[in-house]
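Observations on the three-dimensional arrangement
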Amino acid sequence: MEDLTPLTDLQQLADPAKRKPKMSERQPLLLQGDASGHGLIRPPVRSSPPDSTLVNVHSEDSIAAPGDDDEQSSQAGDENLKSSYNPTHHRTLEHPTSNFDTLVHLLKGNIGTGILAMPEAFKNAGLYVGLFGTLLMGAICTHCMHMLVNCSHELCRRLQQPSLNFSEVAFCSFETGPLGLRRYSHLARRVVTTFLFITQIGFCCVYFLFVALNVKDVMDHYFIMDVRIYLLLMLLPMILLNLVRNLKYLTPVSLIAAFLTVAGLAISFSYMLHDLPDVHTVKPVATWATLPLYFGTAIYAFEGIGVVLPLENQMRTPEDFGGTTGVLNTGMVIVACLYTSVGFFGYLKYGESVKGSITLNLPQGEILSQLVRITMAVAIFLSYTLQFYVPVNMVEPFVCSHFDTTRAKNLASTVLRTVLVTFTFLLAAVIPNLGSIISLVGAVSSSALALIAPPIIEIITFYHVGYGRYNWMLWKDFLILIFGLCGFVFGTWASLAQILNPSLN
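Residues numbered from 1 in each chain as written. Predicted model: local features only at pLDDT ≥ 70, side-chain atom pairs only at ≥ 80, totals over all residues. Heavy atoms only, no water.

Here we look at the confidence of the model for the protein
Put simply, the protein has an average pLDDT of 81, and 82% of its residues get 70 or more. When mean pLDDT is compared element by element in the protein, helix α8 (residues 166-175) scores highest at 94, while helix α2 (residues 60-64) scores lowest at 35. Note on residues 1-69: pLDDT is under 50 here. Beyond four places in sequence and across chains, it has 109 contacts. (pLDDT = per-residue confidence, 0-100. Helix = DSSP H or I, 4+ residues; strand = E, 2+ residues; numbered from the N terminus. Contact = heavy atoms within 4.5 Å.)

Okay, here's the thing in C-alpha cells:
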C-alpha cells in the first residue's frame, strides 16, 4: 500500500465523456496500486449481491443543468455506494475460523508472561487499587479494541476494501481525514509498524529472560550460576528453533506451549490459594512513586490489540466478533478476570516478597513447584518462536529485496534471524530484571498501541462523519488519549529509573 488516489466519480463512470467535478474535502480516497505494482491488492470478490451495483440514471433536466446539482448528485451516488458496500462479503478466505477458534486465538494472544507478573503489579499499586485498576484497564483496552475494529469497518466501506490491518488503518485514516493531515499518512503507518516491531521484540526479550530465570531457580537447588550463563546456554537452541520459516511447522509447537501454559497456571493457582493470609497483611494502596510501574505491567499484560484485526479479518462470521456478547467481549472478560485473580491472590499470598514472575515465589524444595517452573519455562521457550515470527516478517522482505539469487536471499534471512535473536539475548543480559523490562515494554510500546493510537485514529476517521451528540466521541477519545500519554511518560520514567537504580522500589 503505497499510494492513494481520489474516488472515481460515479457519474463519470456512467458517461466517460462528462467532465469530472472538482473533488471536495469530504470525498474519500480509494486505494489503488501505482505503476510499479505496489499497493493494496483487493482479493477476488467472494459474493456480489445484485443490489450492490448502482446505476446512475439522469433525466433530461439533470443533464441540461450541470454544475452544483451535478456535483451533489455525484456525491450522493458515492455515499450510497459506500453505505451499500459490506467488506465482509468481499473477503476471500481459504481457511476461515469459527467463533470458538477465534476465541481461543484471542485468549492465547493475550495470556502470556504478563499474567505471571500481575502479583508484582498489585504490589506496586496496592491490593484494592490493583483490583479495581486492572478491571478498569481491561475495560478501557477492550473499548480501544472495539474502536480499532469500528474504524477498520468504516474505512473499508469508504475505500471499498475487504480488510485492513493495524498499520493500514492508521494510514487510511490520515489519508481520508482532514486535508492538512493527509501528508502525514505514511508517517502514521511507519509509527504504528515501528511500535508493533518494538512490542514484539520486547516480548521476545521478556520471554528469553523468563525462561532463564525459571531454569536458574530450579538449578539453584543444586548449584548456583549467574543468570547470564543460562541465557548464553539458551542462545544456540533459540537461534536454531527460529530458523524455521514456515508457520505451518510451528502449529504443533504452539499447541504444546498452550497445554503446558494451562497446566502451569493451574498448579500455580493451587499454590496461591493454599493457606491465604488475611487481607490486612498487605497494603491496600501503594505510593504514587510505584503506581507508574503498575501501569506499565498492567498494560503489558493486555498485549493482544495487535492480533484483533487479523483475527476479525479471518472469521467465517465476523459480525459475531463485536457486540455485547461477541467474541471480543467474551474473551477479554475472561482475560481480565484471570489477570485480576492471579494478581490479587498472588500478592495476598506472598506480599512484599513477590517477584517478577509468580513461579519464582513457589517453594524450591518441592518437586511439584520445580515441575511448574520447568513446565512454564518450556512453554515460554516454545512460544518465543511465535512472538518472533511477527517482527522478523516485518524486516525480512526489505532485507531480502536487496539480493537477487534464491541462495543469497536464504542466507540473508538466516543472518537476519540470527542477529535479531542475538539482539533479544543481549537486551535480556544487559537488563536481567524481569519486572522492570515488562513494565518498560508495557509503558513504551503497549500503551502507544493500545491506548494512544486507537483514539487518534478514531478522531481522524470520523472527522467528516461527526462525533455524535455533544461531540461525546471526541471528549471520550481525548480522555483516553490523555490517560495513555500520562501512562506512557510516567511509566517509562519509573521503569527506566528502576532499571538504572535497582535499589529503588
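Continuing now.
Details of unusual backbone geometry
You will see that Q160, though not glycine, has its phi angle at about 55°, which is positive. Along the polypeptide, Q160 turns up in the loop between α7 (127-159) and α8. For D275, which is not glycine, the phi dihedral falls at a positive 55°. When you line up the elements, D275 lands in the loop between α11 (251-272) and α12 (291-301). Its relative accessible area of 61% is what places D275 among the exposed residues. (Buried < 20%, exposed > 50% of the residue type's maximum accessible area, 1.4 Å probe, protein only.)

Details of the environment of L231
For L231, the location among the structural elements is in helix α10 (residues 227-241). Taking the C-alpha atoms as reference points, L231 and F210, 21 residues apart in sequence, are found 9.8 Å from one another. Once you skip the residues sitting within four places of it in the chain, L231 turns out to touch F208, L209, A212, F425, A428 and A429.

As for the environment of F403
You can see F403 is positioned in the loop between α15 (367-400) and α16 (406-430). On the basis of relative accessible area, F403 is assigned to the partly exposed category, the value being 35%. Filtering out sequence-adjacent residues up to four positions away, F403 remains in contact with A408, K409 and A412.

Remarks on the pattern of salt bridges
A side chain with one charge can pair with a side chain of the opposite charge if their charged atoms come near. This structure, assessed with the given rule, holds ten salt bridges. Linking R373 and D217 is a salt bridge whose minimum nitrogen-to-oxygen distance equals 2.7 Å. Here D217 lies in helix α9 (residues 185-219) and R373 lies in helix α15, a separation of 156 residues in the sequence. Considered together, R373 and D217 belong to a single accessibility category, that of buried residues. (Salt bridge = Lys/Arg side-chain N within 4 Å of Asp/Glu carboxyl O.)

Quick notes on a nonpolar patch on the surface
Residues Y128, F132 and L135 make up a contiguous nonpolar surface patch of roughly 310 Å² in combined accessible area. Counting through the fold element by element, F132 comes out in helix α7. Since its relative accessible area comes to 57%, F132 is described here as exposed. (Patch = residues over 30% accessible without salt bridge, like charges linked within 9 Å, V, L, I, M, F, W, Y side chains within 5 Å. Areas by Shrake-Rupley, 256 points an atom, 1.4 Å probe, with all protein chains shown as cover.)

Notes on the environment of H143
Within the fold, H143 resides in helix α7. Residue classification places H143 among the partly exposed positions, given a relative accessible area of 31%. On a C-alpha basis, the gap between H143 and N329 in space is 9.1 Å, while along the polypeptide they are 186 residues apart.

Let's talk about the packing of aromatic side chains
Taken as a whole and judged by the stated rule, the model has seven aromatic pairs. Ring geometry for F203 against Y300: centres 5.1 Å apart, planes inclined by 85°, an arrangement best described as edge-to-face. You can see F203 sitting in helix α9 and its partner Y300 sitting in helix α12, a full 97 residues away along the chain. The pair F203 / Y300 is uniform in exposure class, with both members buried. With a centroid separation of 5.0 Å and 85° between ring planes, the pair formed by F302 and Y339 is classed as edge-to-face. (Phe/Tyr/Trp six-rings, centres within 6.5 Å; stacked < 30°, edge-to-face > 60°.)

Let's talk about α15
Taking 1.5 Å as the rise per residue, α15 with 34 residues should run 50 Å; its terminal C-alpha atoms sit 48 Å apart, in good agreement. V392 marks the point of greatest bend in α15, at about 35°. (Expected span 1.5 Å × (residues − 1). Bend = angle between axes of the 7 residues up to and from the residue.)

Some points on helix α17 (residues 434-461)
Relative to the 40 Å expected for 28 residues at 1.5 Å per residue, α17 spans 38 Å between its end C-alpha atoms, a close match to the ideal helical length. Along α17, the helix axis deviates most sharply at S447, where the bend reaches about 55°. The element α17 is largely enclosed, with a buried count of 26 among its 28 residues. In this structure N433 caps α17, since a side-chain oxygen of it lies 3.4 Å from the backbone nitrogen of G435. (Polar contact = N/O pair within 3.5 Å; in protein donor to acceptor, adjacent residues only side chain to side chain.)

Notes on the state of the cysteines
Going through the model one piece at a time under the given rule, you end up with zero disulfides. Just so you know, C205 is unpaired, no disulfide at all, and the nearest cysteine sulfur is the one on C204, 8.8 Å from it. (Disulfide = S-S within 2.5 Å.)

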